[in-house]
Amino acid sequence: GGTDETANTAWEKSFTGKWPAKNLTLGVSGRQSPGLPQLDPNGTVAATEAQYFMDKEVLHLEGPITDVAMVGGSKGKEFRAKTSKDAKGITVYRLWVVNGARYVLTATSATTVDPKDSEEFFKTATVSAGGALETPHFSANIKDWLFVYIPTLKILFFMPGAPTQG
């Protein structure tokens, strides 16, 4: 697989990459937004951002929005959605609000997404606490995936495959 950059601005970075072994397309997006808090320990802002994100992307929710593990001191939200009511594929979204930004990780399949596979990817997300020189710490990359660190958004994550040249 390869990793493609799909957005590159001062306030937003997005990447997608194929995970051929699991037949998934993985995605990550970080977007700074004025007014978002540095921390969201209860997930209240993440819940609002999840609804805003679904409305903006015209997603059709498939099931409940649930709480997930904290990243950088902020509680996240997870939901499954389709791009249309009749779409065959499904995407699992995990969203956090931290460091004044909204982070969204996705795992997409043409059929179904095994929760173990999406969790394996989602747990790679790490953010720094917000210090200008502080970087996220991470454990060994057992899959030999490419790691991507975005200093302006203070997030680090792993993606399968080498970056593609566009």
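Quantities reported herein were computed from a predicted structural model and do not represent experimental measurements.

Peer 1: Summarise the side chain of Glu12; cite the residues concerned and give the values.
Peer 2: In this fold, Glu12 is placed in strand β2 (residues 12-19). Here the side chain of Glu12 touches Arg31 through a polar contact of 2.8 Å, side chain to side chain.

Peer 1: Which residues make up the pattern of salt bridges, and what values go with them?
Peer 2: Counted under the stated rule, the structure contains seven salt bridges. A salt bridge links Asp67 to Lys77, with the nearest nitrogen and oxygen atoms 2.2 Å apart. Placement of Asp67 in strand β5 (residues 66-71) and of Lys77 in strand β6 (residues 74-82) is noted, with a sequence separation of 10 residues between them. On the basis of relative accessibility, which here comes to 46%, the residue Asp67 falls in the partly exposed class. The buried category is assigned to Lys77, whose relative accessible area is 10%. A salt bridge links Glu119 to Arg94, with the nearest nitrogen and oxygen atoms 2.9 Å apart. With Glu119 in helix α2 (residues 115-122) and Arg94 in strand β7 (residues 90-98), this pair connects stretches of sequence that are 25 residues apart. Residue Arg94 is classed as buried on the basis of its relative accessible area, which comes to 8%. The network of salt bridges with common partners includes Glu78, Arg94 and Glu119.

Peer 1: Talk me through the nonpolar core; I want residue IDs and the actual numbers.
Peer 2: Grouped together as the largest cluster of nonpolar side chains are 20 residues, with contacts concentrated most on Leu26, Trp96, Tyr103, Leu105, Val113 and Phe122. For this core, the secondary-structure elements that each account for two or more residues are β2, β3 (24-32), β5, β7, β8 (101-109) and α2. By size, the runner-up hydrophobic cluster in this structure holds 12 residues, among which are Phe79, Ala81, Leu95 and Val97.

Peer 1: How would you summarise the pairing of β2 if you had to cite specific residues and measurements?
Peer 2: The side chains of a regular strand alternate between both faces of the sheet. Judged by how many residues are buried, β2 sits mostly within the fold: six of eight residues are covered. As paired strands, β2 and β3 are joined by eight bridges and run antiparallel to one another. Each bridged residue has a counterpart across the sheet, and for Gly17 the counterpart in β3 is Leu26. Taking the residues that link successive antiparallel strands as the turn, the β2-β3 hairpin has four residues, and the phi of Asn23 there is positive, at about 55 degrees.

The rules behind each value
- Note that residues are indexed from 1 along each chain, following the sequence as it is written.
- At least 70 in pLDDT is required for a residue's local features to be given in this predicted model, at least 80 for side-chain atom pairs to be given and counted, and no such filter applies to totals for whole chains, interfaces and linings, which use all residues.
- Processing note: side-chain calculations cover all non-hydrogen atoms of the structure and skip hydrogens and water entirely.
- Runs of H or I in DSSP of at least four residues are treated as helices and runs of E of at least two as strands, each being numbered from the N terminus.
- Counted as a polar contact is a pair of N or O atoms within 3.5 Å, where, for protein atoms, one must be capable of donating a hydrogen and the other of accepting one, and residues adjacent in sequence contribute only when both atoms are in side chains.
- A pairing counts as a salt bridge when a side-chain nitrogen of Lys or Arg comes within 4 Å of a carboxyl oxygen of Asp or Glu.
- Residue burial is assigned from relative accessible area. The probe radius is 1.4 Å, only protein chains are included, and a residue is buried under 20% of its type maximum, exposed over 50%, and partly exposed in between.
- Buried Ala, Val, Leu, Ile, Met, Phe, Trp, Tyr and Cys residues form a nonpolar core when they are joined through side-chain atoms within 4.5 Å.
- Paired strands are those between which DSSP finds at least two bridges.

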